[in-house]
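These are the residues of each chain, in order.
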Amino acid sequence: MKHIFSLLVVLVSAWNLAISQEQQQQSSSPKSGLSLGVLAAYNLNLHSASFLELPAAPIFAPRTGANYEPAAFTGSNSGSVALGALVMYNLSEEMAISLRLSYAGHDAAFRTTSTYAIGRVDGSTTDATSEYTLNTALATVSAEPLFSYRIFGGLQAYVGARVSFVATNSFDQKETLISPSDGGFDAMRNRSRNIQQGAIPQLQTLWISGVAGLGYDIPLGSNLILSPEVFYSLGLTQVVQNVNWNIHTLRGGISVRFGL
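Note that the structure is a prediction, hence the values are computed from the model and not measured.

**Q** I'm lost on the overall build of the protein chain in this one. Help?
**A** Broken down by element type, the protein chain carries one helix and eleven strands. In sequence order, the secondary structure elements of the protein chain are arranged as α-β-β-β-β-β-β-β-β-β-β-β. Across the protein chain, the fraction of contacts at a sequence separation of at least 24, relative to all contacts at a separation of at least 6, is 69%. Approximately 13,800 Å² of the protein chain is accessible, and the part contributed by carbon and sulfur atoms is 63%.

**Q** Whenever I open this one, the side chain of Ser142 confuses me. Can you help?
**A** Tracing the backbone through its elements, the reader meets Ser142 in strand S5 (residues 125-152). In this structure Ser142 comes out as buried when scored by relative accessible area, which is 3%. Of note is the side chain of Ser142, whose polar atom sits 2.7 Å from the side chain of Ser164. With sequence-adjacent residues up to four places away left out, Ser142 is seen in contact with Arg100, Leu101, Ser102, Arg162, Val163 and Ser164.

**Q** Is there a simple way to think about the nonpolar core in this case?
**A** Phe51, Leu54, Phe110, Leu138, Val239 and Trp245 are the most contacted members of the largest nonpolar core, which has 22 residues in total. Taken together, the elements giving at least two residues each to this core come down to strand S1 (34-51), strand S4 (108-119), S5, strand S6 (155-179) and strand S11 (245-259). Judged by nonpolar contacts, the second largest core, of eight residues, contains Met88, Ala96, Leu146 and Tyr158.

**Q** Whenever I open this one, the layout of surface pockets confuses me. Can you help?
**A** In this approach the atoms are scanned with a rolling probe the size of a water molecule, which exposes any empty space left behind. Of the voids in this model, the largest pocket is the one considered here, and its volume is about 310 Å³. Taken together, 15 residues form the lining of the largest pocket, with Ile118, Gly119, Asp182, Gly183 and Gly184 sitting closest to its centre. Here the lining of the largest pocket gets three residues from one element, more than from any other, and that element is S4. Of the residues belonging to the lining of the largest pocket, the class tally is seven nonpolar, three polar and five charged.

**Q** So what exactly am I meant to see when it comes to the packing of aromatic side chains here?
**A** Both the distance between ring centres and the angle between the ring planes are used here to describe each pair of aromatic rings. Under the counting rule described, the total for this entry stands at seven aromatic pairs. An angle of 55° between the planes, with centres 6.2 Å apart, marks the rings of Phe73 and Phe110 as tilted. Of this pair, Phe73 sits in strand S2 (residues 73-90) while Phe110 sits in strand S4, and the two are 37 residues apart along the sequence. Both residues of the pair, Phe73 and Phe110, belong to the buried class. Between Phe110 and Trp245 the ring centres are 5.3 Å apart and the planes differ by 90°, which places this aromatic pair in the edge-to-face class. In this pair, Phe110 is assigned in strand S4 and Trp245 in strand S11, connecting sequence segments 135 residues apart.

**Q** Explain the environment of Gly119 to me, please; I cannot follow it from the model alone.
**A** Along the chain, the position of Gly119 falls in strand S4. The contacts of Gly119, once residues within four sequence positions are left out, are Ser124 and Thr125.

**Q** Just to check I follow, could you spell out the pattern of salt bridges for this structure?
**A** A side chain of one charge can pair with a side chain of the opposite charge if their charged atoms are brought near each other. One pass over the full model with this rule turns up seven salt bridges. One salt bridge connects Arg257 with Asp217, and the closest N-O pair in it is separated by 3.1 Å. Here Arg257 is found in strand S11, whereas its partner Asp217 is found in the loop between strand S8 (206-216) and strand S9 (218-219), with 40 residues between them in sequence. Given the relative accessible area of 6%, Arg257 is considered buried.

**Q** Can you walk me through unusual backbone geometry in this structure?
**A** Among all residues except glycine, the phi angle is most often negative; among peptide bonds, the trans geometry is most common. In this model, Ser179 is joined to Pro180 through a cis peptide bond whose omega is 5°. Phi at Arg189 is positive, roughly 60°, even though this residue is not glycine. Tracing the chain through its elements places Arg189 in the loop between S6 and strand S7 (192-198). The class for Arg189 is exposed, based on a relative accessible area of 56%. For Asn242, which is not a glycine, the phi torsion comes out positive at approximately 60°. One can find Asn242 in the loop between strand S10 (224-235) and S11. A relative accessible area of 74% means that Asn242 is categorised as exposed.

**Q** Teacher, can you tell me more about the pairing of S2 here?
**A** A regular strand carries its side chains on alternate faces of the sheet. Inspection of the sheet shows S1 paired to S2 by 16 bridges, in the antiparallel sense. Bridge pairing in S2 links Leu46 to Asn77. By the bridge criterion, nine bridges tie S2 to strand S3 (residues 95-105) in an arrangement that is antiparallel. Bridge pairing in S3 places Met88 opposite Ser98.

Scoring rules and cut-offs
Residues numbered from 1 in each chain as written. Predicted model: local features only at pLDDT ≥ 70, side-chain atom pairs only at ≥ 80, totals over all residues. Heavy atoms only, no water. Helix = DSSP H or I, 4+ residues; strand = E, 2+ residues; numbered from the N terminus. Contact = heavy atoms within 4.5 Å. Areas by Shrake-Rupley, 256 points an atom, 1.4 Å probe, with all protein chains shown as cover. Buried < 20%, exposed > 50% of the residue type's maximum accessible area, 1.4 Å probe, protein only. Polar contact = N/O pair within 3.5 Å; in protein donor to acceptor, adjacent residues only side chain to side chain. Core = buried A, V, L, I, M, F, W, Y, C linked by side-chain atoms within 4.5 Å. 1 Å grid on protein atoms, 1.4 Å probe; cavity = no way out; pocket = protein on both sides within 12 Å on 5 of 7 lines; lining within 4 Å. Points joined across faces, edges and corners; volume = space filled by probe spheres on them. Nonpolar A, V, L, I, M, F, W, Y, C, P; charged D, E, K, R; others polar. Phe/Tyr/Trp six-rings, centres within 6.5 Å; stacked < 30°, edge-to-face > 60°. Salt bridge = Lys/Arg side-chain N within 4 Å of Asp/Glu carboxyl O. Pairing = 2+ DSSP bridges.

Worth remembering: the numbers are spatial, not functional.
Quick look at the structure:
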């Protein structure tokens, strides 16, 4: 009997807490339904890729399909900060639409290697290993139309899209002799070659992504709401034309909204 009474007390307390939070949430909603805000987040950029080289920028030539040729560049991860602003309009107590504008970086560092035989001055041969590096610097300005639904209390579910415009882009690449430790690619014993840099060729400057996420609204006053958030975006557009390279992002951060 004592345990049943204790359980009832816990249930009633939890219910009262939920009701109190619900009332606080409703009282903190802007009277006009319109709110403006800012956001800050950390982006984990997930580069899904499998390609030999960028168009018009060969890092190994000629390619004949031999087994000593470098393997394809594959996935790479990087981190960046995203900053932006938002406007939200409440359609009802549960539903809202919003538009977010943000700026974020999407840099990548791709690596691959190859092993091949080389000749020495004394007439002998030995195995050599080259590393091929491709570093890209990308930044975008994005617009995100989102629909949100309040699941319970301050918990919000978001779904929508992200349209990104490439603001800056560049690349640099080279081949570096890793082993043997002596020697080089030419008479000057240079250990790097095929060095190239510049704007990324055949870059697609408009990217489309699908977006989904969760946020939790925490009222800080009658018109101010703080929301920890996490979003995942699935990149639907190839970064470079006809190259198997897409960027997905996992974003965690906060937004602050002020009701008008």
